[in-house]
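Fold and geometry: a report
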Amino acid sequence: MIDSWHGILHGLTIAGTPINLFYTLLGVFIGTMISHLPGIGPSAGIALLIPVTFGMNPTTALIMLAGIYYGCMYGGAVTAILINTPGDAAAVMTTIDGYPLARQGRAGAALSIAAMSSFIAGTLGVTALTFVAAPVAALALDFGPTEYFSLMIFALSTVSALTGESLAKGIFSTTLGLAISTIGLDLQSGRPRFTFGLVDLQQGVNFLAVVVGIFALAEVARMAEGTLEGTMHSVRLKGRIWFTKADWKQAFPAMLRGWTVGFFCGAAPGLGGTISAMLSYAAEKYISKTPEKFGKGAIEGVAAPEAAVNADSCGAFVHLLALGIPASGSTAILMGAFIMYGIQPGPLLFQNQPDLVWGLIASMYVGNVMLLVLNLPLVGLFARVLYAPPGVLLVMILGIASIGVYSLETNPFMLFVAHVFGIIGYFFRLLDIPKAPLIFGIILGGKIEQSLRQAMTISSGDATVFLKSPLSAALLLAAVAMVVFSYWAKRKSVTTMQEASAQPS
Amino acid sequence: MADWVLSVLIVSGAVIYLRAATNLERLEVGDVLGPQAFPVLIALCMLGSGLLLAWETWRKQANADESAASAGTAIPVPRAIGHRHLVLIAMAAWTALYYLAFEPVGYVVSTVVYLSALLLYFHRVNPLINIGLSAAFTAAAYFLFTDFLQVVLPSGVLQF
């Protein structure tokens, strides 16, 4: 603890130099801007800017690249709230309640709550990173493939909380996502599966192309319908630009819960920001006294996932710095940048490069303050995007989505993937099929299959291995309980509604 | 009615996927499960979801019939394909055409034409304003992605 105090105080003297302050500001600013472009997520943003840092002092360069990473996590909510298009995959959950709030004229409240959630979760996350990095990482290391498989099945079961009226449609959406995740080369045998002979599908279906298609392009179709029917109009901000006291009262506990979920998800390698956002959203909906408000503009539905995403990005640094294991695609690229500078992340980093590691951690405190100062005054400006006529807005969304998707792999095939998923997204809305479970299935599919096959190989094909591990058995039991509870809760709500409608008015 | 059709489609899709999964080549070496096991599990779950949806729909319909009979109201009839659907189909086709032209024609020309046509339909003001908006958006996006983000966009017919 004392060492951590000394370390962080020493780090503040390094992060506080004018050159490092400038590059922290530049990094968080670039990250925020990048996150507003659908398709250019933190991974692509960091990868694109690594060459710019050649010749720079490694500490300064890594401070800037880390700034881009958490700046991206911070800003992904802006497009999610304003145009129902997540700037990065982790902001998917923010669309569910953020966009309805924007359509109700409360974009400013949603954006400012998202900014405050990110700030609070980011600052708490860096504090936790400072003091509990090593113990949390050690706990996550106890997880083998058996426990990981059960953990992810449990995570999938929480999807039932995200479904609408029909459990069957939620399960279908999840299984469709899982099926999509099986497209591409089989990791164990190297044989192509379900690629229809297309070379472009051998690397699998690009997740971001799916996200942009199913959210942004499908939203364009809805806006086009609204414009044609005359029901879609420019949205003017109503009341205060920022959040109200009542919003804060509802959102603050959700932020703290979202932070807890996010930080522990970040510390478990491989789960990532999107999963932590989904878990925190599901948890919020479960414990809420008014779960029916979720999906229609609940402020907690913005606060919890935003806090989770930002806490997750701090949690991911636990593994990167303390153990030298990347916890997500973005931190894997950051690790590549470390190695490019001849620095090996891991337990010895704290001894061999104290200036770098503590300077980097301290810069994250400074970066979070900078992000808040940068973003809060811009809330009103961002919200004015909705003043644009719907006809112009829908065309611009198409333009941004198209160039964003193309830039993923500079491959026009990605455009067609997004197009197909745009059509699927439109029918999902028409048939009231929830979209979030599909995304969940795509993200978790590869990891679930890998853990399942590894666990079965280790146990020589004995399927009871999942019940022999107490942790795994508990997680599987919790998964079953989650589905049963969700089904019971849905039936109860239908019965209550039927009883209410039968009452004489 | 839509949910009945959906449940039939899900069951059919699951059966096709199951057949494709079982037809995957199994290797003699490697892990004990092989590449088929996970897709087969998914197919079975999908099949289950289709059957569950059929059951849910049947229950919902039975309840709705009962409520409609007791209240004396008719069950609403779904709307036929109208003008907006035709516009959406045309938009989807126009977007597919844009994506086909993206590389051979080039980003700048194809995007200005694509966005201008959409704006002329959805934003009925002076056509010159719409063309100007499309050109301004395309120029801004082009410089942002090529100069700042170092993304190579197709130049196509312009050759610059």
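Heads up: the structure comes first, above all this text.
Residues numbered from 1 in each chain as written. Chains lettered and ligands numbered in written order. Predicted model: local features only at pLDDT ≥ 70, side-chain atom pairs only at ≥ 80, totals over all residues.

**Remarks on the nonpolar core**
Let me state the cut-off plainly: The term nonpolar core refers to a group of buried residues, namely Ala, Val, Leu, Ile, Met, Phe, Trp, Tyr and Cys, whose C-beta atoms join them within 7 Å. With C-beta atoms placed from the backbone, a residue counts as buried when 20 or more other C-beta atoms lie within 10 Å of its own, as exposed when 12 or fewer do, and as partly exposed for counts between those limits. The split into domains, and so the bounds of each, comes from an automatic or database assignment of domains. Here, residue contact means that the backbone-derived C-beta atoms of the two residues sit within 7 Å.
Within the largest apolar cluster, 189 residues are counted, with the highest numbers of intra-cluster contacts made by Leu65, Ile81, Ala110, Ile113, Val212, Ile397 and Ala418 of chain A. Two domains each put at least three residues into this core: domain 1 (2-71) and domain 2 (83-158) of chain B. In this view, Ala110 of chain A contacts Ile81, Gly98, Leu101, Ala102 and Val302 of chain A; residues no more than four positions away in its chain are not counted.

**Digging into the packing of helix H9 (residues 207-229) of chain A against helix H18 (residues 412-430) of chain A**
Residue and element names in this part refer to chain A. The cut-off we apply is this: Note on method: axes are straight lines fitted to C-alpha atoms, helices fitted across the in-contact stretch only, with angles between N-to-C directions ranging 0 to 180 degrees. The helix and strand labels rest on DSSP assignments: H or I over at least four residues marks a helix, E over at least two residues marks a strand, and numbering proceeds from the N terminus. These descriptions rest on fixed angle ranges, namely under 35 degrees for roughly parallel, over 145 for roughly antiparallel, 65 to 115 for roughly perpendicular, and the rest for oblique. Should the near helix be turned anticlockwise from the far one by less than a right angle, the crossing is termed left-handed; should it be turned clockwise, right-handed. When residue character is reported, Ala, Val, Leu, Ile, Met, Phe, Trp, Tyr, Cys and Pro are called nonpolar, Asp, Glu, Lys and Arg charged, and the others, Gly included, polar.
At a minimum axis distance of 7 Å, the contact between H9 and H18 shows a crossing angle of 55°. Looking at the two axes, H9 sits oblique to H18. In this structure, H9 meets H18 at a crossing whose hand is right-handed. Across the interface between the two elements, Ala209, Val210, Val212, Gly213, Ile214, Phe215, Leu217, Ala218, Ala221 and Arg222 from H9 touch Met414, Val417, Ala418, His419, Val420, Phe421, Gly422, Ile424, Gly425, Tyr426 and Arg429 from H18. Residues belonging to the contact of H9 with H18 are distributed by class as follows: 15 nonpolar, four polar and two charged.

**Focus on the packing of helix H17 (residues 390-409) of chain A against helix H5 (residues 127-148) of chain B**
It is the contact of H17 of chain A with H5 of chain B, at a shortest axis distance of 11 Å, that shows an interaxial angle of 25°. Between H17 of chain A and H5 of chain B, the interaxial angle falls into the category roughly parallel. For the pair H17 of chain A and H5 of chain B, the crossing hand works out as right-handed. Contacts from Val392, Met396, Gly399, Ile403 and Ser407 of chain A in H17 of chain A reach Leu133, Phe137, Ala141 and Phe145 of chain B in H5 of chain B. Residues of the contact of H17 of chain A with H5 of chain B, tallied by class, amount to seven nonpolar, two polar and no charged.

**Notes on the interface of chain B and chain A**
Tallying the contact residues gives 47 residues for chain B and 49 residues for chain A. Contributions of two or more residues to the side of chain B that touches chain A are made by helix H1 (2-22), helix H2 (37-71), helix H3 (83-105), helix H4 (107-122) and H5 of chain B. Split into classes, the residues belonging to the side of chain B that touches chain A amount to 35 nonpolar, seven polar and five charged.

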